[in-house]
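The lines below spell out each chain.
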Amino acid sequence: MAKEKKLFFVGSLGNYAAELKLLLTTLLLLCGVATLLQFIPSRLTISSSDLRFCISRVSQQPPPLPSTPLSTPPPPLSSTLPNGTIKRAFIPYGSAAYNFVTMAAYRGGLNTFAIVGLASKPLHVYGKPTYECEWIPLPSLQNSTSSSKPISTTGYKILPDWGYGHVYTVVVVNCTFNDTTINGDNSGGKLVLHASTSGGGDTNFNVTDRIEVLEEAPGTLNASLFVSKPKYDYFYCGSSLYGNLNPQRVREWIAYHVRFFGPRSHFVIHDAGGVHEQVLEVLKPWMELGYVTLQDIRDQERFDGYYHNQFMVVNDCLHRYKFMAKWMFFFDVDEYIYVPPKSTIKTVLDSLSEYSQFTIEQMPMSSKICLSEDYGKFYRKWGFEKLVYRDNIRGIRRDRKYAAQPRSLYATGVHMSQDLAGKTTHKTEGRIMYFHYHGTIAERRESCKILVNSTQVTHDKIPYELDTTLRDIAGVIKKFELKMIGSRLQKTRQ
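**Considering the overall build of the chain**
Phase 1 of the analysis: When helices and strands are tallied, the chain shows ten helices and 26 strands.
Phase 2 of the analysis: Sorting the 494 residues of the chain into buried and exposed places 43% on the buried side.
Phase 3 of the analysis: When the accessible surface of the chain is summed, it comes to about 28,400 Å², and 57% of that surface belongs to carbon and sulfur atoms.

**Digging into empty space enclosed by the protein**
Phase 1 of the analysis: Throughout the structure, instances matching the rule amount to two cavities of 30 Å³ or more.
Phase 2 of the analysis: Reported here for the largest cavity is a volume of approximately 70 Å³.
Phase 3 of the analysis: Listing elements by their share of the lining of the largest cavity, those giving two or more residues are α5 (247–261) and α9 (383–386).
Phase 4 of the analysis: When its residues are assigned to classes, the lining of the largest cavity shows six nonpolar, two polar and three charged.
Phase 5 of the analysis: Of the volumes computed, that of the second largest cavity is approximately 30 Å³.
Phase 6 of the analysis: Considering only residue class, the lining of the second largest cavity consists of five nonpolar, one polar and two charged.

**What about the state of the cysteines?**
Phase 1 of the analysis: Per the stated rule, a full pass over the model turns up three disulfides.
Phase 2 of the analysis: With a sulfur-sulfur separation of 2.0 Å, Cys237 is cross-linked through a disulfide to Cys317. Of note, the bridge from Cys237 to Cys317 carries an S-S torsion of about -80 degrees and is left-handed in sense. Of this pair, Cys237 sits in strand β11 (residues 232–241) while Cys317 sits in helix α7 (residues 310–320), and the two are 80 residues apart along the sequence.

**A word on the nonpolar core**
Phase 1 of the analysis: One finds Trp253, Trp286, Phe329, Phe384 and Ile432 to be the most contacted residues of the largest nonpolar core, which totals 57 residues.
Phase 2 of the analysis: Among the elements that make up this core, the one with the highest residue count is α5 (eight residues).
Phase 3 of the analysis: Those residues in contact with Ile432 that sit more than four places away from it in its chain are Phe329, Ile337, Tyr338, Val339, Ile345, Val348, Phe358, Ile360 and Glu361.

**Re the sheet that holds strand β8 (residues 168–176)**
Phase 1 of the analysis: If you walk across this open sheet you meet the four strands as β3-β4-β8-β7, and the pairing is antiparallel. The sheet terminates laterally at β3 (101–107) and β7 (156–158), the two strands that pair on one side only. Direction aside, the axes of adjacent strands within the sheet are offset by 25 degrees on average.
Phase 2 of the analysis: Of the strand pairs in this sheet, β7 and β8 are connected by three bridges, and their pairing is antiparallel. The residue of β8 that forms the bridge with Lys157 is Val173.
Phase 3 of the analysis: Most of the contacts of α7 go to strand β4 (residues 112–120), to which it runs at about 170 degrees, and overall it touches β3, β4 and β8.

**Observations regarding the packing of aromatic side chains**
Phase 1 of the analysis: One pass over the full model with this rule turns up 36 aromatic pairs.
Phase 2 of the analysis: Centroid distance Phe226 to Phe323: 5.0 Å. Interplanar angle 70 degrees. Geometry classified as edge-to-face. With a gap of 97 residues between them, Phe226 in the loop between β10 (208–216) and β11 and Phe323 in the loop between α7 and β14 (325–330) connect regions that are remote in the sequence. Of the two residues, Phe226 and Phe323, both sit in the buried class.
Phase 3 of the analysis: Pairing Tyr236 with Phe331 gives two aromatic rings, centres 4.8 Å apart and planes at 65 degrees, and the pair type is edge-to-face. Taken together, the positions of Tyr236 in strand β11 and Phe331 in the loop between β14 and β15 (335–338) put the pair 95 residues apart, joining distant regions of the chain.

Calculation notes
Residues numbered from 1 in each chain as written. Predicted model: local features only at pLDDT ≥ 70, side-chain atom pairs only at ≥ 80, totals over all residues. Heavy atoms only, no water. Helix = DSSP H or I, 4+ residues; strand = E, 2+ residues; numbered from the N terminus. Buried < 20%, exposed > 50% of the residue type's maximum accessible area, 1.4 Å probe, protein only. Areas by Shrake-Rupley, 256 points an atom, 1.4 Å probe, with all protein chains shown as cover. 1 Å grid on protein atoms, 1.4 Å probe; cavity = no way out; pocket = protein on both sides within 12 Å on 5 of 7 lines; lining within 4 Å. Points joined across faces, edges and corners; volume = space filled by probe spheres on them. Nonpolar A, V, L, I, M, F, W, Y, C, P; charged D, E, K, R; others polar. Disulfide = S-S within 2.5 Å. Core = buried A, V, L, I, M, F, W, Y, C linked by side-chain atoms within 4.5 Å. Contact = heavy atoms within 4.5 Å. Pairing = 2+ DSSP bridges. Axes fitted to C-alpha atoms, helices over the stretch in contact; angles between N-to-C directions. Phe/Tyr/Trp six-rings, centres within 6.5 Å; stacked < 30°, edge-to-face > 60°.

In short, the description is geometric, and any link to function would need to be established separately.
Quick look at the structure:
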C-alpha cells in the first residue's frame, strides 16, 4: 500500500511538471521585484544619501584599461639576416642643435632682405644646408580681391664668424628678388625663410623648417629711407658686454666718445650680462639725452656660439641701423679712438670716403704701470689719465679695429668685413688710431700696480715708453661730461 502511494505522488509530479515550472518562475520574478522596490525612491527626487550611494559604487569600480599601450617597446638593436649576417641598428633621440635660430630680419632695399641668426655649426661644416626665401603679399588695400601670388628666390648664406663658432655658427641669409620690387603697392606681406638640412645630420631626411622672419603691415614701407641722408654721421655698434664690468671705466669711455664723435653720433650697447645696476646708472644720463640705446641680449647665452655670439650681435646692429648712419664703427669699450690734434674725425673720414671700410691701428697700453707722481691720487684720476705706458714692441702684427660705410656691407665681422662692395684700405697709420687698455674694463680694483718714474720701462720682457696723449686731454673730457650731464656721476666707484 505504501509503495502504491509513493508511485502515485511521483506520477502526480510528472503530470504537473509544467505547472510547477511556471509557479517557480513567477515566484522568482516576484521576489526580484520586491527586492528592487526597496531601492526605488518614493518621490522623483535625488537625496544626498542616494548621491553618496552612487559615488561610493563608482569609486569602488576599477579604472578602465587604456585603449592604447602607455609605451611602446624599443626597437631591436640588432637582427639576423637570412644570410647569417647580424644587422645592427642605430636609433636617434633628441636633437644636437637647432636648424636655425633667428635674431631678426631687415630690409636692405626695395628688393632685398637680410636674415641674421645662428645655425648648427656641424651642419654647415660637414653638410650642405640650403635656404629659400618667400615673400607672401597681403591683399591690396585698394582691391581686396587682389590675387598677388607669393614669390620665391634662393637665399644666399654668409658665414661671417671666420669659423670661430662653437655648437652654433653665425649665418646671414641674403634674400634678393632680382628685378622685383617687393611690396611695391605698400599693401604689406610676410617674408618666410625655408631652412633645409639637405640630409645634413641624417641622410634619410631632408628636414625643412618654415620660419616667418619678417612681417610688413600695410602702409609701413618707407622707400625713401634707402636713398635719404642718414640721421647720424657716426654710429657705434658694440660687441656683447658680459661679466662684472667696472662702471667707472664705462663712464670714462662713453664721455670720451660722445665728445669725440659729436652730436650727430649714436651708440648701441649690447648687454649680455655685463650691464649690472651700477653700469646702467652710468649709461642712463646718455640714454636720456638720446646718445645711447641699450639692448638686452642675455637670452642668446642659451646658444653656444663664439664669445657670447658677438658676430651675430654686430651683424644685427649693421642691418638694423644700416640706413641710419654714414659711418659705422666697430671696437670695444676698453679702446679709445683718436686722431692727431690738427685733424678731426670729420676731416679724416672725408679723406677716406672713397673706401667702403678702413682698419685702425692699435696703440696697446699697459693696464698696470703708472707714474710714481700719481701715488695717493689714483682714485681721482680716470683710467686713461693714469695708465700712460705704451707697449713699444715693433715689427709684429696687432689686431686692428675698423669703420665702414654700412650701405656697402652685406655682412660684417669683429675686426673687419669680408663681405662688402667697394674697396678696403689698411693704410691709415698716423691719421687715426685707437688706444687699447686691455682688461681694464673688467678690473674692479685699482689698476695701478707698478709705479715708475721714467720715460721707459721693461716689464715681463715687454718694453714700454711713456705716452701721455690721452692723459693730456683728460681734463677736457671731465669738463665736457659735467657740462652735458651735470655732477650726477661724480660719485661713481670702480
